[in-house]
Amino acid sequence: MDRSMMDHNIFGVITEMEQKFPIYVTSVGSWHNQEPMMREHGFPDFQWIQTLHGTGRLETGGKSYTVSQGQGMLLFPHEKHQYAPVREPWTLKWVTFNGAHMADMLASLHFHRSSVLNLTHPDITLSKMVSILSLLQMQNPLRGVECSALVYQLLLDLYLYTSRSEVRSKQQQAEQLAPAFHYIEENYNQPVSLQQLADRLGVTPQHTCLLFQQTLGIRPFAYITRYRLRKAKELLLQMMDMEVRDVARHVGYEDSSYFIKLFKQQEGVTPNHFRKIHR
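It should be emphasised that the depicted structure is a prediction, and the values quoted were computed from it without experimental measurement.

## Details of the environment of Pro85
Here Pro85 lies in strand β7 (residues 81-98). Spatially, the C-alpha atoms of Pro85 and Pro205 are 45 Å apart, while their sequence positions differ by 120 residues.

So this is what it looks like as structure tokens:
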């Protein structure tokens, strides 16, 4: 492969408008064979660097990591780091980005520090970087807006399709929970026990709770409640003549007062008020 066909280093034109975005792209590119890189004071932007071929080694935060095909490095700004090839050619693609609220945004996705991530679907993130590269090379004056949207999608892909060490990705955890989700969808208007969900998954009730917590950040019964209230909102607007107590019964609550209390806790308004503001 001609190395010149692989090497790119394209910078964005950062306008004052883009600097106000929550997230904007500063550069994107690729190297056929990454040379050793040492940054004593880190890099000014956030970086996502993904391995296509070969193997490298990253040192950051006092730790050393091997980075191979199907893995990438999410690096935070101004953090000392160095990386170098171990098995050449170490072929990489990268995108760098920043934004006024980037640290908070990444924290909300559970990314708090520089780390090496395993990808369950490497092509998904690679396709985003290819699209960003194409956009930055265009003359479209609003290309920065489209790049901002793409890098946000990239971060969501990292949230869904990456994991640290041998821990499974969110997407893989959700796939394991699929039988439980299906059971809830089919039986939300009936009493649903933790044991019934565990039986569908072939695990213990305790492990069922752990899976829900790891995947969704809530316990199974909290998810059931939110699903029931979602169906209640649909019924309230689809069946305008249905009494609130009948809506409650249709989504699994015999006690309408309890249903109204739960509804107000989540929506901030009563079911009747919800109807008024939406119709």
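## Points about helix α7 (residues 194-201)
The α-helix advances 3.6 residues per turn, and as a result positions three or four apart in sequence lie on the same side. Where α7 is concerned, the buried positions are Leu194, Leu197, Ala198 and Leu201. Mapping the buried residues of α7 onto a view down its axis gives an arc of 100 degrees, with all of them on the same face. Looking at the buried positions of α7, the neighbouring elements they touch are α6 (170-187), α8 (205-216) and α9 (220-238). Just past α7, the residue Gly202 takes up positive phi, approximately 70 degrees.

## Remarks on the environment of Lys264
Structurally, Lys264 can be placed in helix α11 (residues 256-267). Along the backbone, Lys264 and Phe274 are 10 residues apart, and their C-alpha atoms lie at a distance of 9.3 Å.

## Some points on the side chain of Thr208
Mapping Thr208 onto the fold places it in helix α8. Not counting residues up to four positions away in its chain, the partners in contact with Thr208 are Leu194, Leu197, Ala198, Leu201, Val203 and Pro220.

## Description of the pairing of strand β5 (residues 63-68)
With six bridges connecting them, strand β4 (residues 46-60) and β5 associate as antiparallel partners. Bridge assignment links Thr60 to a residue of β5, and that residue is Lys63. Hairpin connection from β4 to β5: two residues lie between these consecutive antiparallel strands, with Gly61 at a positive phi of about 60 degrees.

## What to know about the packing of α7 against α8
For any two helices packed against each other, one specifies the inter-axial angle together with the distance between the axes. In contact at an axis separation of 8 Å, α7 and α8 are set at 85 degrees when each is read in the N-to-C sense. On the basis of the axis angle, α7 is roughly perpendicular to α8. Two secondary-structure elements touch here, α7 through Leu194, Gln195, Leu197, Ala198 and Leu201 and α8 through Pro205, Thr208, Cys209 and Leu211. The residue inventory of the contact of α7 with α8, partitioned by class, reads seven nonpolar, two polar and no charged.

## Thoughts on the pairing of strand β2 (residues 24-31)
Most of β2 is tucked away, with seven of its eight residues classed as buried. With four bridges connecting them, strand β1 (residues 8-11) and β2 associate as antiparallel partners. In the sheet register, Phe11 faces β2, and the bridge partner there is Ser27. Examined bridge by bridge, β2 and β7 share seven bridges and lie antiparallel to one another. Opposite Ser30, over in β7, you have Lys93 as the bridge partner.

Quick notes on the rules
Residues numbered from 1 in each chain as written. Predicted model: local features only at pLDDT ≥ 70, side-chain atom pairs only at ≥ 80, totals over all residues. Heavy atoms only, no water. Helix = DSSP H or I, 4+ residues; strand = E, 2+ residues; numbered from the N terminus. Buried < 20%, exposed > 50% of the residue type's maximum accessible area, 1.4 Å probe, protein only. Arc of directions from axis to C-beta. Contact = heavy atoms within 4.5 Å. Pairing = 2+ DSSP bridges. Axes fitted to C-alpha atoms, helices over the stretch in contact; angles between N-to-C directions. Parallel < 35°, antiparallel > 145°, perpendicular 65-115°, else oblique. Nonpolar A, V, L, I, M, F, W, Y, C, P; charged D, E, K, R; others polar.

Function cannot be read off these values alone, since they describe shape.
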